[in-house]
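Structural overview
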Number of protein chains: 2
Amino acid sequence: MATTPTASLPLQDIARVGDRLEDIDTPALVLDLDAFEHNLRGMQSLAELHGVALRPHGKAHKCPEIALRQVALGAQGICCQKVTEAWPFLQAGITDILISNEVVGRQKLELLARMAAQARFTVCVDHPEALKALSAALDARQSFVDVLVEVDIGQKRCGVQSHDQAVALADQVARLPNVRFAGIQAYHGGIQHKRSFEQRQRAAEKGIKATAGYVDALRQAGFACEVVSGGGTGTAGFDAASGVFTEVQPGSYAFMDGDYGVMEWGEVMALRHALFLQGTVISTPTPERAVLDVGLKSTSAESGLPQVVGREGLRCTALNDEHCILIAEDPRRRPALGERLLLIPGHCDPTFNLHDKLVAVRHGVVEVVWPVAARGLSR
Amino acid sequence: MATTPTASLPLQDIARVGDRLEDIDTPALVLDLDAFEHNLRGMQSLAELHGVALRPHGKAHKCPEIALRQVALGAQGICCQKVTEAWPFLQAGITDILISNEVVGRQKLELLARMAAQARFTVCVDHPEALKALSAALDARQSFVDVLVEVDIGQKRCGVQSHDQAVALADQVARLPNVRFAGIQAYHGGIQHKRSFEQRQRAAEKGIKATAGYVDALRQAGFACEVVSGGGTGTAGFDAASGVFTEVQPGSYAFMDGDYGVMEWGEVMALRHALFLQGTVISTPTPERAVLDVGLKSTSAESGLPQVVGREGLRCTALNDEHCILIAEDPRRRPALGERLLLIPGHCDPTFNLHDKLVAVRHGVVEVVWPVAARGLSR
């Protein structure tokens, strides 16, 4: 009954330029270019208004085509969270990359040292042994990096815990070859997501104060912080206006997601939803229930279930590996078999990491399909 | 300061054959071949003991090399959850594939029709319109599939809701070209994960009874179910012994994960943990805290945080996109900077979907590196 596959049978692309939205195969990660460009301009203007550099985070989108557009609009460079993640951005011509994280391990240091011979790299350190290994790896390849001492301003993740530790590391940088002290990295991920404007402002001010304390302690010890980097989408407005940070590192601002979408933004920014997941209704087993071909393998749910766009009274009640269960309050509003629906992912960063392609549309027509080239590059 | 990248700078492979476990770059998805082979044999023996077919689920691992080993040990074929997911398995020579899901949409039907010309495909239906479109797409390509009517035995996801609906679909299959009625698909994902043996047994028996009801109703209407397919890792033992199911579809059994690992298994099976995530300690900012280079982009957490292997008093307290926070009860047990640790992922299926490579080791040495070829194929 079964035969051996003979001819090659290529998989079709998810979409082609000129396709209408409803012709895109699903699940598909879809970018609304008008909203996206609005968001890019908004954050760039905010940074320029306050005279700080914008260094958008590449971990949010993992897409070099997006980074090139961010830089073209005025961004100083980008951040990456992992060394391999930086690789496709470097290949695409991004020439100023901050690895906003600790780099530990032989293979990672070797790749960093080789990439640092080709562009400007900055890297975070929070441990004397890690710094020593970094310097040695760079020395072996005769390349150089700028170093930011990572300081913990409340995130309780990485980063030095005291002014003394920060000064000791800055001092060690000064005595090691192939590394140059450039300043500090001060990022608090948790406070980015506080929903109320006032709560977020208060939390940001606490972080800014802690950051300023580190800058002062380092200055008093003779180490001027040329770069004070931090701030995500949630606090970028406060950090940029602080007079303490010299650059901000937002990522999600370009896209928005379910988590950021429910936050109060005050007058600071008017970001728009630009990122969507398109799914198809594959089953309508009851009058209230519809099932989409979208699941945990195409959208992340750790920051909340996806939201259905433009369908009042229709909500996602569960997300399995490859199924999204939708329940309609009123059966007359249940979508029909084969219908395409747009969802807003709960969290954009891990959602991008599930897709190889980003389908960019304008006015409902596919304008371009971009590779998510750093997808899966977590080493 | 910055220069344009000149020479090509290839990314190194995550591991090479002969590497020791501690030489593998991280984060890495690691398979213990001894435990894996033990699990494969265990489930195959269970199926043979009860005279049912084993059709392991390819969605769990997305790795054709694994499917080939499952079939070589006696599996009837495999399941896939999506049409594109089946594609690399077909290319690798798997010749009997059940798409254990509804297939709706022009592109998906077109690909299925083309693949069905090369191997034996079976596909689920739960809606007359979907069945009509399936038959038409196959007719256009002059290919054929077997059809299982999906019945809802309590999952409340896809599947017909009544005996009458099942009979009506079977009848429609008989009157349409290029499709043949083969039986039913009866799967209840939720009950796979009940922790107590007795609770799971009771839930499985309820599902088996509902399944038997559908089989009887179809038989009375003149439709014999040659295939009654269902059963995941959690209920496979009960389903195989039921006399109702003719084949079982477990996936996780080959690997185990944190979720299945905490369950009571009784005498039915003795599965071993075979799948691990290896991480490196990149920061030790406090006496109690260590941070690994593992996160939501390398392991799924919707079924629980990863567990640390072989380190008493050390547990994961948070998982960010690229960081795993570990807290040691006793600071003397906190791992050191640069140490490699093994974790057990909370849920194996979405974790496989984050990795391009599976590093297979035996006695701590890399024996082979397998591509996770269906990673990301969710269309």
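Residues numbered from 1 in each chain as written. Chains lettered and ligands numbered in written order. Predicted model: local features only at pLDDT ≥ 70, side-chain atom pairs only at ≥ 80, totals over all residues.

1. Thoughts on the sheet that holds strand β2 (residues 53-54) of chain B
Residues and elements named next belong to chain B. Read across the sheet, eight strands follow the order β2-β9-β8-β7-β6-β5-β4-β3 without closing on themselves; strand pairing throughout is parallel. The two strands at the open ends of the sheet, each matched to only one other strand, are β2 and β3 (78-80). The sheet contact formed by strand β5 (residues 120-125) and strand β6 (residues 145-150) spans four bridges and is parallel. Its bridge partner lying in β6, threonine 122 is registered against aspartate 146. (Pairing = 2+ DSSP bridges. Helix = DSSP H or I, 4+ residues; strand = E, 2+ residues; numbered from the N terminus.)

2. Details of the relation of the copies chain A and chain B
Turning chain A through 180 degrees and shifting it by 0.0 Å along the axis lays it on chain B, with an RMSD of 0.0 Å. On the angle and the small slide along the axis, the relation comes out as a two-fold axis. Residue by residue, 100% of the interface of chain A is reproduced at the interface of chain B, so both copies engage with the same surface. (Least-squares fit on C-alpha atoms with pLDDT ≥ 70 in both. Contact = placed C-beta atoms within 7 Å.)

3. With respect to unusual backbone geometry
In this chain, threonine 26 of chain A is followed by proline 27 of chain A through a cis amide linkage whose omega measures -5 degrees. With respect to the element layout, proline 27 of chain A can be found in the segment before β1 (28-32). A positive phi angle, close to 55 degrees, is found at glutamine 142 of chain A, a residue other than glycine. Within the fold, glutamine 142 of chain A resides in the loop between α5 (128-141) and β6 (145-150). Assessed through the 11 C-beta atoms surrounding it within 10 Å, glutamine 142 of chain A is described here as exposed. At histidine 363 of chain B, a residue that is not glycine, the phi angle is positive and equals roughly 50 degrees. Its place among the elements puts histidine 363 of chain B in the loop between β16 (357-362) and β17 (365-371). (Buried ≥ 20, exposed ≤ 12 C-beta atoms within 10 Å, placed from the backbone.)

4. Some words on the domain arrangement of chain A
Residues and elements named next belong to chain A. Along its sequence, chain A is carved into domain 1 (21-30 + 271-371) and domain 2 (52-254). On the domain 2 side, the residues contacting the eight residues of domain 1 number ten residues. The biggest single contributor to the side of domain 1 that touches domain 2 is helix α10 (residues 348-352), with three residues. Looking at the side of domain 1 that touches domain 2, its residues break down into six nonpolar, one polar and one charged. (Domains from an automatic or database assignment. Nonpolar A, V, L, I, M, F, W, Y, C, P; charged D, E, K, R; others polar.)

5. A look at the interface of chain A and chain B
Contact with chain A, which involves 72 residues of that partner, is made by 72 residues of chain B. Elements represented by at least two residues in the side of chain A that touches chain B include exactly α3 (83-91), β4 (96-102), α4 (106-115), α5, β10 (275-283) and α10 of chain A. Broken down by element, the side of chain A that touches chain B gets its largest block of residues, four residues, from α3 of chain A. Of the residues belonging to the side of chain A that touches chain B, the class tally is 24 nonpolar, 30 polar and 18 charged.

6. Description of helix α7 (residues 197-220) of chain A
Residue and element names in this part refer to chain A. Over its 24 residues, α7 extends 34 Å from the first C-alpha to the last, a length consistent with the 34 Å expected when each residue adds 1.5 Å. Every buried residue of α7 is accounted for by Arg200, Ala203, Ala204, Gly207, Ile208, Thr211, Tyr214, Val215 and Leu218. If you follow the buried residues of α7, they end up packed against α6 (163-175), β7 (179-185), β8 (227-230) and α8 (236-240). Following α7 by one or two positions, glycine 222 has its phi on the positive side, about 95 degrees. (Expected span 1.5 Å × (residues − 1).)

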